[in-house]
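# Analysis of the macromolecular model
Here are the chains, one letter per residue:
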Amino acid sequence: MLPPHPNGLQPSLFLASSDNHEPRMNSDQIRESPAESASSWPAIDAAAQLKLENQKAEDGYYEQSVTRGRSSANRISLLDIARERVDIISEQMHLLPNEYLEELKGRLRAMLEGNGSSQQRDEFMVLQRLVQRRSDLTAETLIKAHRVQLEIVVAIKSGIQFFLHQSMNLSQTALIEVFVYKRCRNIACQSQLPAEDCLCEICTNRKGFCSLCMCVICNKFDFEVNTCRWIGCDSCAHWTHTDCAIRDKQVGTGASPVNGLGSAEMQFRCRACNRTSELLGWVNDVFQHCAPMWDKESFLRELTVVSKIFRLSENTRGRQLFWKSEELIEKLKGGVAETTACRSILSFLQELEMDSPKSSEAGINGRMMPPQEACSRIAEVVQEAVQKMEIVADEKMRMLKRARQALETCDHELEEKAKEVAELKLERQRKRQQIDELESVVRLKEAEADMFQLKADEARREADRLQRIALAKSAKSEEDYASSYLKQRLSEAEAERQFLFEKIKLQDQGSRSSQSNDMGDPPQALYTKIHEILKSV
């Protein structure tokens, strides 16, 4: 019988993740969810932190390393958010533009993505240490925080970049609960802590731990479902990564929990309750429910996990399952279809179940079990099976409710995205039409400009030709005018000369007849005047 799945779901069923609210299958892509484990690289590593503190003076390094210096008077930095009072930063952030706040979130996202330099990792470690050391960050003070400020401090403390995404729609109260370890930081879970009011030592003492979705050993969560890579405890329903359990030696051989007889079989010992769970039946249940849904790569991974679990098995059935897993791995690598491998392993597991020693318990050690004892044993088994079925039914109902809510949310988001896509397509068509119209107008204007330029060139050449003609005619007119003027002056001078000549002649005649000087100027003066007139002409 299978315990509840991490995030409160059955391992053999689908899981609606927090990323896109669509049913997830067994796939490597599930690991790329935005809700990453808080113990990935951004979290403070104790050795690295100690080295960092020993190498750099604490206060001076905090001042210089994060976001490359202090912020200006009207700007704040990630360092300011990590160490300054909540109310002061909140007031400043209300005055900042949304573009700058998104830039701050983008800067922190770059640190959390894990692709940056060692300097970015050191800067994040400094920010995380500052936030974790503060005692004033309580639920009462964080109520006053700006929304972006709260998202940033939660992302710094948890190391999960999904808290910075625009699609993150948690309320401010939920973010505060995540920060103070009252709510699971796994976006797909979001259970109140401790989960299901569990009072075990781990859920009580380990801050932020959620028994529904986190590994008891490594404290990480992921979105692997329909898989053997998570082992659930039959007693307390806490979950453990199979690899973590094998590495921590929580998987090993032990006597059968039913009768304690026969060879040892592979068992899982839960660290939370220290009880054991039988693994062969668990593998059988997982394969019966999930194997038909796996693709070839998933089948190879699951068979590899089964091979790791039963590699050291001392039980005959466990060894046979190990050999069968190795055989199918080789066949799948050789090109056998996953459907063939699925039928083969399911048939093999059914044969192992039929060969189970439980069917022959009554004849062990050569004795017959009394009817009363047999009825009591059967009643105990039936009662245990009914209790487990009730637990599974409750978990299935919770899973169904969550899956329905996730599906409704997904449908709503899909409708909104479809509307946005349609609007963007219409806008793109309008813009394209406008661009085409503008291009046609530009081509028309260019053609008009070329035509006007051609006409202007022709007009300029015509103007030059007319100007040359005008200059030639003007020069000829001036020449003709000067010639006619000179001719006129010459005729006038000739007439005046003739007149003066006649006058001189008359004076000469008068001087002969009389010796008086009353007739005018002397002849010498008249000759001089005539000479000047001729000279001017």
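The following refers to the structure shown.

Rules and cut-offs
- Residues numbered from 1 in each chain as written.
- Predicted model: local features only at pLDDT ≥ 70, side-chain atom pairs only at ≥ 80, totals over all residues.
- Heavy atoms only, no water.
- Helix = DSSP H or I, 4+ residues; strand = E, 2+ residues; numbered from the N terminus.
- Buried < 20%, exposed > 50% of the residue type's maximum accessible area, 1.4 Å probe, protein only.
- Contact = heavy atoms within 4.5 Å.
- Areas by Shrake-Rupley, 256 points an atom, 1.4 Å probe, with all protein chains shown as cover.
- Polar contact = N/O pair within 3.5 Å; in protein donor to acceptor, adjacent residues only side chain to side chain.
- Axes fitted to C-alpha atoms, helices over the stretch in contact; angles between N-to-C directions.
- Parallel < 35°, antiparallel > 145°, perpendicular 65-115°, else oblique.
- Nonpolar A, V, L, I, M, F, W, Y, C, P; charged D, E, K, R; others polar.
- Patch = residues over 30% accessible without salt bridge, like charges linked within 9 Å, V, L, I, M, F, W, Y side chains within 5 Å.
- Salt bridge = Lys/Arg side-chain N within 4 Å of Asp/Glu carboxyl O.
- Pairing = 2+ DSSP bridges.
- Expected span 1.5 Å × (residues − 1).
- Arc of directions from axis to C-beta.
- Lys, Arg positive; Asp, Glu negative; His and termini not counted.
- Charge placed at Lys NZ, Arg CZ, Asp CG, Glu CD.
- 1 Å grid on protein atoms, 1.4 Å probe; cavity = no way out; pocket = protein on both sides within 12 Å on 5 of 7 lines; lining within 4 Å.
- Points joined across faces, edges and corners; volume = space filled by probe spheres on them.
- Left-handed = near helix turned anticlockwise from the far one by under 90°.
- Core = buried A, V, L, I, M, F, W, Y, C linked by side-chain atoms within 4.5 Å.

A count of helices and strands for the chain gives 17 helices and 7 strands. For the chain, the proportion of its 537 residues judged to be buried stands at 37%. Within the chain, contacts between residues at least 6 apart in sequence are counted, and of these 63% link residues at least 24 apart. A total accessible area of about 31,500 Å² is found for the chain, and carbon and sulfur atoms account for 53% of it.

Mapped onto the elements of the fold, Asn 315 is located in the loop between α13 (296–309) and α14 (316–333). Residue Asn 315 is classed as buried on the basis of its relative accessible area, which comes to 12%. A polar side-chain atom of Asn 315 sits 2.8 Å from the main-chain amide nitrogen of Arg 317.

With that settled, the discussion passes to the packing of helix α12 (residues 279–290) against α13. Between α12 and α13, the least distance of the axes is 12 Å, while the angle of their chain directions is 175°. The angle between α12 and α13 falls in the class roughly antiparallel. From α12, Leu 279, Trp 282, Val 283 and Phe 287 reach across to α13, where they touch Phe 299, Glu 302, Leu 303, Val 306 and Ile 309. The class makeup of the residues in the contact of α12 with α13 is 8 nonpolar, no polar and 1 charged.

Here the focus is a nonpolar patch on the surface. Where nonpolar side chains cluster on the molecular surface, the patch consists of Ile 378, Val 382 and Val 386 and spans about 250 Å² of accessible area. Relative to the helices and strands, Val 386 is located in helix α16 (residues 371–513).

The next thing to look at is the sheet that holds strand β7 (residues 276–278). One open sheet holds the 3 strands; their spatial order is β5-β6-β7, and the pairing between them is antiparallel. Edge positions in the sheet fall to β5 (251–254) and β7, since each of these pairs with one other strand and no more. Each adjacent strand pair in this sheet contributes to an overall mean axis angle of 45°, direction not counted. Sheet analysis places β5 next to strand β6 (residues 265–269), joined by 4 bridges and oriented antiparallel. The partner of Gly 254 across the bridge, within β6, is Glu 265.

Moving on, we come to helix α15 (residues 338–354). Residues spaced three or four apart along an α-helix face the same direction, because each turn holds 3.6 residues. For α15, which comprises 17 residues, the first-to-last C-alpha distance of 24 Å matches the rise-based estimate of 24 Å (1.5 Å per residue) to within 8%. Within the span of α15, buried status applies to Ala 341, Cys 342, Ile 345, Leu 346, Phe 348, Leu 349 and Leu 352. With its buried residues spanning 160° around the axis, α15 presents them on a single face. Exposed residues lying more than 90 degrees from the buried face of α15 are Arg 343 and Met 354. Of the surrounding secondary structure, the elements contacted by the buried residues of α15 are α12, α13 and α14.

Right, let's talk about a negative patch on the surface for a bit. Taken together, the side chains of Glu 408, Asp 411, Glu 413, Glu 415, Glu 416, Glu 420 and Glu 423 make up a negatively charged region of the molecular surface. Relative to the assigned elements, Glu 408 resides in helix α16.

Take the environment of Pro 292 next. Tracing the sequence through the fold places Pro 292 in the loop between α12 and α13. Classification of Pro 292 as exposed rests on a relative accessible area of 57%. As for Pro 292 and Glu 338, which are separated by 46 residues in sequence, their C-alpha atoms are 8.8 Å apart.

Further remarks concern empty space enclosed by the protein. For the structure on display, the rule yields 2 cavities of 30 Å³ or more. Quantified by volume, the second largest cavity comes out at close to 40 Å³. When grouped by side-chain class, the residues that make up the lining of the second largest cavity number 3 nonpolar, 3 polar and 2 charged.

Further remarks concern the packing of α12 against α15. Between α12 and α15, whose axes approach to 10 Å, the crossing angle comes to 145°. In this structure, α12 meets α15 at a crossing whose hand is left-handed. Where α12 abuts α15, its residues Leu 280, Val 283, Asn 284, Phe 287 and Gln 288 lie against Ile 345, Leu 346, Leu 349, Gln 350, Leu 352 and Glu 353.

Applying the stated criterion to the full structure yields 22 salt bridges. For Glu 177, the salt bridge identified is with Arg 183, shortest N-O distance 2.7 Å. A single burial state applies to Glu 177 and to Arg 183, both of which are buried. Linking Lys 476 and Asp 480 is a salt bridge whose minimum nitrogen-to-oxygen distance equals 3.4 Å. Taken as a pair, Lys 476 and Asp 480 lie in helix α16 at a separation of 4 residues, close to a single helical turn. Residue class for Lys 476 comes out exposed when judged on its relative accessible area of 52%.

With respect to the element layout, Ile 152 can be found in helix α8 (residues 147–158). Here Ile 152 falls in the buried class, since its relative accessible area comes to 0%. The spatial distance from the C-alpha of Ile 152 to the C-alpha of Leu 108 is 7.8 Å, given a sequence separation of 44 residues. Among all residues touching Ile 152, those that are not within four sequence positions of it are Leu 78, Ile 81, Leu 104, Lys 105, Leu 108 and Leu 164.

For the rest of this paragraph, the subject is the pairing of β6. Taken across its 5 residues, β6 has 4 buried, putting it largely inside the fold. By the bridge criterion, 3 bridges tie β6 to β7 in an arrangement that is antiparallel. Note that in β7 the partner of Gln 267 across the bridge is Glu 278. Between β6 and β7, which pair antiparallel and follow one another directly, the connecting turn spans 6 residues, one of which, Asn 274, has a positive phi of 65°.

Turning our attention to the side chain of Arg 229. Residue placement: Arg 229 occurs in the loop between α10 (201–205) and β3 (230–232). A polar atom in the side chain of Arg 229 sits 3.2 Å from the side chain of Glu 302.

Turning our eyes to something else, we now look at the nonpolar core. Residues Leu 108, Phe 287, Phe 299, Phe 310 and Leu 321 are the most contacted members of the largest nonpolar core, which totals 93 residues. With near-sequence residues (within four places) excluded, Phe 299 lies in contact with Phe 287, Ala 291, Trp 294, Leu 332, Glu 338, Ala 341, Cys 342 and Ile 345.

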